[in-house]
Amino acid sequence: MSEKKRLVVLTGAGISAESGFKTFRDSDGLWEQYKVEDVASIEGWYRNPELIIDFYNDLRTQLEKAQPNDGHKILAELEKYFDVRIITQNVDNLHERAGSTHVVHLHGELTKVRPVNNASKIYDIGYSRMTYGDKSPDNELLRPHIVWFGEAVPMISEASRLVRDADIFAVIGSSLVVYPAAGLVHDLRGKTEAFLIDPKEVSVPTGMKFKVIREVASKGVAIMRDELLREFGFAS
Ligand code: OAD
């Protein structure tokens, strides 16, 4: 059997919108309710860590009740046909719960915490709430395992390598305004077939050829799946 083609997918908040999560920049998005500098920046952590901990505690509680939607599920099913690698800006675990087995989290994970002074030790807390002052087994002060504005994005090099090696690439539900994630499109090789799934217009750098599917994730990913299965001879 021939080797599977590599499908690399960059997802943003839009893929989890149909699972009940607010996006950040749509009208009524999270950044209209909260100030990004208060709840998602390293300066915010130094100013008021309790506020940040509450914000992520609430999202974690919401995540426990949320379910993956068809967008997540179809991407997981596509592993039967393609070597699927997901790069997500989302901190939820809905890709994993839908069954995707290769997920790179660029901005961290809601169900994990880490010592304030050590990004390399990560602890799973599941859906439990944390409190400011919680300590690791080594007595180090813990914080949410989230990459905030003003911090480095350690997983970006791995993501960039994945995009460079992609046979097929898709951006799903991201406004492509937050760097370095948004810059990953520059790693695409010219021959990589690229899709963009979003109900709204998203601007991509000029000269790049994306097949745009102007739909919500559940419908858009189904359209992309059908097209790929036909193109690669899997459709009956
Ligand atoms: P945004 O809120 O910036 O963009 C969400 C995108 O999803 C928009 O282009 C919407 O049109 C689209 N969208 C909305 N509903 C959708 C649906 N049902 N199906 C598909 N697409 C839909 O979110 P991101 O691009 O993910 O970072 O934002 C990137 C980063 O900015 C986040 O990871 C977060 C935020 O600040 C941190 O907190 C560090």
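The following refers to the structure shown. (Residues numbered from 1 in each chain as written. Predicted model: local features only at pLDDT ≥ 70, side-chain atom pairs only at ≥ 80, totals over all residues. Heavy atoms only, no water.)

## A closer look at the pattern of salt bridges
Next up, step 1: Per the counting criterion, the structure on display carries 13 salt bridges.
Next up, step 2: With a shortest N-O distance of 3.1 Å, glutamate 227 and lysine 211 are connected by a salt bridge. Taken together, the residues glutamate 227 in helix H8 (residues 217–231) and lysine 211 in strand E9 (residues 211–213) connect sequence positions 16 residues apart.
Next up, step 3: Residue classification places glutamate 227 among the partly exposed positions, given a relative accessible area of 24%.
Next up, step 4: One network of salt bridges, with partners in common, ties together Arg6, Asp83 and Arg85. (Salt bridge = Lys/Arg side-chain N within 4 Å of Asp/Glu carboxyl O. Helix = DSSP H or I, 4+ residues; strand = E, 2+ residues; numbered from the N terminus. Buried < 20%, exposed > 50% of the residue type's maximum accessible area, 1.4 Å probe, protein only.)

## Some points on unusual backbone geometry
Next up, step 1: In this structure, proline 180 follows tyrosine 179 across a cis peptide bond, with omega equal to 10°.
Next up, step 2: Of note, proline 180 is situated in the loop between strand E7 (168–172) and strand E8 (193–197).
Next up, step 3: Its identity as a non-glycine residue notwithstanding, asparagine 139 has a phi of 70°, on the positive side.
Next up, step 4: Positive phi outside glycine occurs at leucine 176, with the angle close to 55°.
Next up, step 5: Topologically, leucine 176 is positioned in the loop between E7 and E8.
Next up, step 6: Among the residues examined, leucine 176 registers a relative accessible area of 10% and is labelled buried.

## Section: the sheet that holds E8
Next up, step 1: Reading across the sheet, the six strands line up as E3-E2-E1-E7-E8-E9 and stay open at both edges, with parallel pairing between neighbours. Since the sheet does not close on itself, it has two edges, and those belong to strand E3 (103–105) and E9, each with one partner. Averaged over all pairs of adjacent strands, the angle between their axes in this sheet comes to 15°, without regard to strand direction.
Next up, step 2: Where helix H7 (residues 156–164) meets the sheet, its contacts fall on strand E1 (6–11), strand E2 (83–88), E3 and E7, and the angle it forms with E2 comes to roughly 140°. (Pairing = 2+ DSSP bridges. Axes fitted to C-alpha atoms, helices over the stretch in contact; angles between N-to-C directions. Contact = heavy atoms within 4.5 Å.)

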